[in-house]
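# What the coordinates show
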Amino acid sequence: MPVTTLAGRDLHVDEEGFLTEYDEWDEELAKVLAANIGIDLTDAHMRVIHFLRDDYRATGQTPTLRRCTNAGGFATKELFDLFPKKPAKKMSYIAGLTKPVGCV
Amino acid sequence: MTELLTKTPPIPSFDDEAETQRKLCLICSKGSLDMAYPGLILANAALGEGVETHIFFTFWGFDIINKKTMNNLKFTAVGNPATHMPNMVMGLPGMTAVATHMMKKQIEGIDVPEVPEFLDLITGAGGHLWACRMSADMMHLGKDDLYDGVEGIINASEFIELSEGAQVIFV
């Protein structure tokens, strides 16, 4: 498990750069992670990110896009607008979670 | 656990040039419940990866986008040895309903949407749906009979034009 330094702190990440330790994340770090992939975080982004974090804490899994629309109440289109092209992966990266495992 | 200290944090490459130019065309030619899903799941996954995605519905695949049948696709175990059920039994009256009910419950159990909702998901994610001209003519169906997200009824040549440079998967 590589350890890297981002925003002045040591972080555990996987080979691609996704955080692997739930508790190493906070909102400040989210801004840095988002900037890394060219996203300027707004309140709309943060609502989604917080849903991901809460759902992960509750279920132990990163929610899939389908779960974000179903359980989180976010429209698919909104997610594609906020996190263009690869919403599921971009969202989990910014939320400091691993990629979702489910197919749908 | 050996810990490797990397100076530069790895950043996932989400917008790799080559990947964003990828294009996928799926041909859905079957109308049974079990054969509707592979195309829809792949389309949805491709869209989630930023791949331009088109689905062409032809012949029995029309049942997936026909407003009259899309809510009511069926599954039969007859002639499908992978179900490991005797054909004689599965061919009895009412068994298709039983098999369909069981499959729908399994699909719902893993939080995968029913067909119409799946189409909503795909069009919401920017996927393109096309209906086959010949099938529409054969079945006497017009655009109004089809799922609202279907962009048009196109012929085989138009599909060939549309799929230029795309990876094509026939289901």
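Whatever comes next refers back to the structure up there.
We now turn to the structure provided with this report. In this text the structure is predicted, and so the values were computed from the model without any measurement. (Residues numbered from 1 in each chain as written. Chains lettered and ligands numbered in written order. Predicted model: local features only at pLDDT ≥ 70, side-chain atom pairs only at ≥ 80, totals over all residues. Heavy atoms only, no water.)

## Section: the overall build of chain B
Helix and strand content of chain B: 8 helices and 6 strands. Reading chain B from its N end, one meets helices and strands in the order β-α-β-α-β-α-α-α-α-β-α-β-α-β. For 171 residues, the compact-globule formula gives about 16 Å, and the C-alpha radius of gyration of chain B, at 20 Å, lies well above that figure. For the C-alpha atoms alone, the extent of chain B along its principal axes is close to 70 × 45 × 25 Å. (Helix = DSSP H or I, 4+ residues; strand = E, 2+ residues; numbered from the N terminus. Rg over C-alpha atoms; globule rule 2.2 N^0.38 Å.)

## Notes on the interface of chain A and chain B
Quoted interface sizes are often the accessible area lost when the parts come together. Taken residue by residue, the interface counts 29 residues in chain A and 30 residues in chain B. Between chain A and chain B, roughly 2500 Å² of surface is buried when both sides are summed, and carbon and sulfur atoms account for 58% of that area. Of all residues in chain A, the largest losses of buried area upon contact with chain B belong to A:Arg66, A:Lys86 and A:Val104, amounting jointly to 26% of the total for that side. The interface formed by chain A and chain B holds 3 salt bridges in total. (Contact = heavy atoms within 4.5 Å. Buried area = accessible area lost by both parts, 1.4 Å probe. Salt bridge = Lys/Arg side-chain N within 4 Å of Asp/Glu carboxyl O.)

## What about the pairing of strand β2 (residues 23-28) of chain B?
All names here are of chain B. Most of β2 sits inside the fold, with 6 of its 6 residues counted as buried. Taking every second residue as pointing to the same face, both faces of β2 are buried, with Lys23, Cys25 and Ile27 on one and Leu24, Leu26 and Cys28 on the other. Pairing analysis gives 6 bridges linking β2 to strand β3 (residues 52-57), with the strands arranged parallel. Each residue of the ladder has a partner; that of leucine 24, found in β3, is threonine 53. On the question of chirality, the crossover connecting β2 to the parallel β3 by way of helix α2 (residues 33-48) is right-handed. Of the strand pairs in this sheet, β2 and strand β6 (residues 167-170) are connected by 4 bridges, and their pairing is parallel. If you follow cysteine 25 over to β6, its bridge partner there is valine 168. (Buried < 20%, exposed > 50% of the residue type's maximum accessible area, 1.4 Å probe, protein only. Pairing = 2+ DSSP bridges. Right-handed = clockwise from strand over helix to strand, strands pointing away.)

## Remarks on the sheet that holds strand β5 (residues 150-154) of chain B
All names here are of chain B. Reading across from one edge, β5-β4-β3-β2-β6 is the order of the 5 strands in this open sheet, with parallel pairing throughout. Either end of the sheet is taken by a strand with one partner, and the two such strands are β5 and β6. Across the sheet, the mean angle from the axis of one strand to that of its neighbour is 20°, orientation sign disregarded. Across the sheet, α2 is in contact with β2, β3 and β6; its angle to β2 comes to roughly 165°. (Axes fitted to C-alpha atoms, helices over the stretch in contact; angles between N-to-C directions.)

## Some details on unusual backbone geometry
Positive phi is not limited to glycine here, since A:Lys85 has a value of about 70°. With respect to the element layout, A:Lys85 can be found in the loop between α4 (76-82) and α5 (87-94). A positive phi angle, near 55°, is found at B:His84, a position not held by glycine. Mapped onto the secondary structure, B:His84 falls in the loop between α3 (62-65) and α4 (87-90).

## A closer look at the environment of B:Ile65
All names here are of chain B. As for its position among the elements, isoleucine 65 is in helix α3. The spacing of isoleucine 65 and leucine 146 is 81 residues in sequence and 5.5 Å in space, taken between C-alpha atoms. The residues touching isoleucine 65, leaving out its near neighbours within four places in the chain, are Phe57, Met70, Leu119, Ala131, Asp145, Leu146, Tyr147 and Val150.

## Details of the side chain of A:His12
For A:His12, the position within the fold is in strand β2 (residues 9-12). A polar contact is formed between the side chain of A:His12 and the side chain of A:Glu24, at a distance of 2.7 Å. (Polar contact = N/O pair within 3.5 Å; in protein donor to acceptor, adjacent residues only side chain to side chain.)

## Notes on the pattern of salt bridges
Oppositely charged side chains can form a pair if their charged atoms are brought close together. Going through the model one piece at a time under the given rule, you end up with 12 salt bridges over all chains. The partner of A:Glu16 in a salt bridge is A:Lys99, and the shortest N-O contact between them spans 2.5 Å. Within this pair, whereas A:Glu16 is found in the loop between β2 and α1 (27-36), its partner A:Lys99 is found in the segment after α5, the two being separated by 83 residues in sequence. For A:Glu16, a relative accessible area of 36% gives the class partly exposed. Residue class for A:Lys99 comes out partly exposed when judged on its relative accessible area of 29%. Between A:Lys31 and A:Glu28 there is a salt bridge; the shortest N-O distance is 3.3 Å. A residue pair is termed a helical-turn pair when its members lie 3 or 4 positions apart in one helix, as A:Lys31 and A:Glu28 do in helix α1 at 3 residues. One salt-bridge network, in which partners are shared between bridges, spans A:Arg66, B:Asp111 and B:Glu117.

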